[in-house]
Amino acid sequence: MRPMVLAGAGTELVRGGLASEFAAMLGPRRPTVALRVAFVDRHRIRQPVSTICAAIGLAPSTYYAVKKRERDPSERVRKDRELAVAIRDVWLSSDRTYGARKVWRELQNRGVDVARCTVERLMRNEGMRGSPLARLHQVEPVEPVQF
């Protein structure tokens, strides 16, 4: 296959060079947007962003939108970060035994107004789970009564 030459801003880039480097880095799977953005960040010193984006199949507007969200996250992301800290504090103070319902109840007791589904979502995203052993009760077998 003959490599394509992209001309932009007075520089030339052999498309096969960046694209093949990118493909070799990832292997056979389709790269996520985050991986593509990281790749552009690493190579933007040598080439213009638009040229790199064309070589790896990423729209420049997508790249700039991701960078804007990194600089100025949404209100939900900011609130989720604060809540995740409070949730982790409650979860760790319970020796990692509380599930979402008990963590939510404890947050309510501490005066943090949050929905239970939000606690469930954040705990799931952070990999926090209640201990299934905390639910088990040791019950001794009872001898049957004979009359």
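Along each chain, the written sequence defines residue order, and numbers are assigned to residues from 1. Where local features are concerned, this predicted model is filtered to residues with pLDDT of at least 70; where side-chain atom pairs are given and counted, the filter is 80 or more; whole-chain, interface and lining totals use all residues. Excluding hydrogens and water, the side-chain figures rest on all heavy atoms present in the structure.

Novice: Can you walk me through the pattern of salt bridges in this structure?
Specialist: When charged atoms on two side chains of opposite charge get close, those side chains can pair. A pair is scored as a salt bridge if a Lys or Arg side-chain nitrogen falls within 4 Å of a carboxyl oxygen belonging to Asp or Glu. Applying the stated criterion across every chain, the model contains 10 salt bridges. The partner of Asp41 in a salt bridge is Lys67, and the shortest N-O contact between them spans 2.9 Å. Of the two residues, Asp41 is situated in helix α2 (residues 33-43) and Lys67 in helix α4 (residues 60-71); the sequence distance between them amounts to 26 residues. Each residue is placed in one exposure class: buried if its accessible area under a 1.4 Å probe, protein chains only, is under 20% of its type's maximum, exposed if it is over 50%, and partly exposed if it falls in between. We classify Asp41 as partly exposed; its relative accessible area is 28%. The closest approach of N and O atoms between Arg76 and Asp80, which form a salt bridge, is 3.6 Å. Linking Arg76 with Asp80, this pair stays in helix α5 (residues 75-93), spanning 4 residues, or about one helical turn. Helix and strand definitions here come from DSSP, where helices need a minimum of 4 consecutive H or I residues and strands a minimum of 2 consecutive E residues; each element is numbered from the N-terminal end.

Novice: Would you mind going over α5 with me for this structure?
Specialist: Counting along an α-helix, one turn takes 3.6 residues, and residues three or four places apart therefore face a common direction. Multiplying 1.5 Å by the helix residue count minus one yields the expected span of that helix. End to end, α5 covers 27 Å across 19 residues, agreeing with the expected 27 Å (1.5 Å per residue, within 8%). Whether two residues touch is decided by their heavy atoms; if any such pair falls within 4.5 Å, the residues are in contact. Buried residues along α5 sit against α6 (100-109) and α7 (116-126). Within two residues after α5, Asp95 carries a phi angle of roughly 60°, on the positive side.

Novice: Teacher, can you tell me more about unusual backbone geometry here?
Specialist: Trans peptide bonds make up most of the peptide bonds, and negative phi angles are found at most residues other than glycine. The backbone phi angle of Asp95 is positive, close to 60°, even though this residue is not glycine. Checked against the element boundaries, Asp95 lands in the loop between α5 and α6. Despite not being glycine, Arg96 has its phi angle at roughly 60°, a positive value. Along the chain, the position of Arg96 falls in the loop between α5 and α6.

Novice: What should I look at first to understand the side chain of Lys67 in this one?
Specialist: In this structure Lys67 comes out as buried when scored by relative accessible area, which is 18%. Those residues in contact with Lys67 that lie beyond four places of it in its chain are Val37 and Asp41.

Novice: Where do I start with α4 in this structure?
Specialist: Compared with the 16 Å implied by 1.5 Å per residue over 12 residues, the 17 Å span of α4 between its first and last C-alpha is a close match. Where α4 is concerned, the buried positions are Tyr63, Val66 and Lys67. Relative to the axis of α4, the buried residues are bounded by an arc of 95° and lie together on one face. For α4, the exposed residues lying more than 90 degrees away from the buried face are Ser61, Lys68 and Arg69. Relevant arc is that of directions from the helix axis to the C-beta atoms, nothing else.

Novice: Would you mind going over the packing of α5 against α7 with me for this structure?
Specialist: How two helices sit against one another is set out by the angle between their axes and by the gap between those axes. The N-to-C vectors of α5 and α7 enclose an angle of 80°; their axes lie 10 Å apart at closest approach. With respect to α7, the element α5 is oriented roughly perpendicular. Here Arg76, Asp80, Leu83, Ala84, Ile87, Arg88 and Trp91 of α5 lie close against α7, whose contacting residues are Thr118, Val119, Arg121, Leu122, Met123 and Glu126. Of the residues that constitute the contact of α5 with α7, the class distribution is 7 nonpolar, 1 polar and 5 charged. Lines are fitted to the C-alpha atoms to define the axes, a helix being fitted only along its stretch in contact, and any angle between axes, read from their N-to-C directions, falls within 0 to 180 degrees. Under this scheme an angle from 65 to 115 degrees is roughly perpendicular, one under 35 degrees roughly parallel, and one over 145 degrees roughly antiparallel; angles in between are oblique. Here the term charged refers only to Asp, Glu, Lys and Arg, the term nonpolar to Ala, Val, Leu, Ile, Met, Phe, Trp, Tyr, Cys and Pro, and the term polar to all other amino acids, Gly among them.

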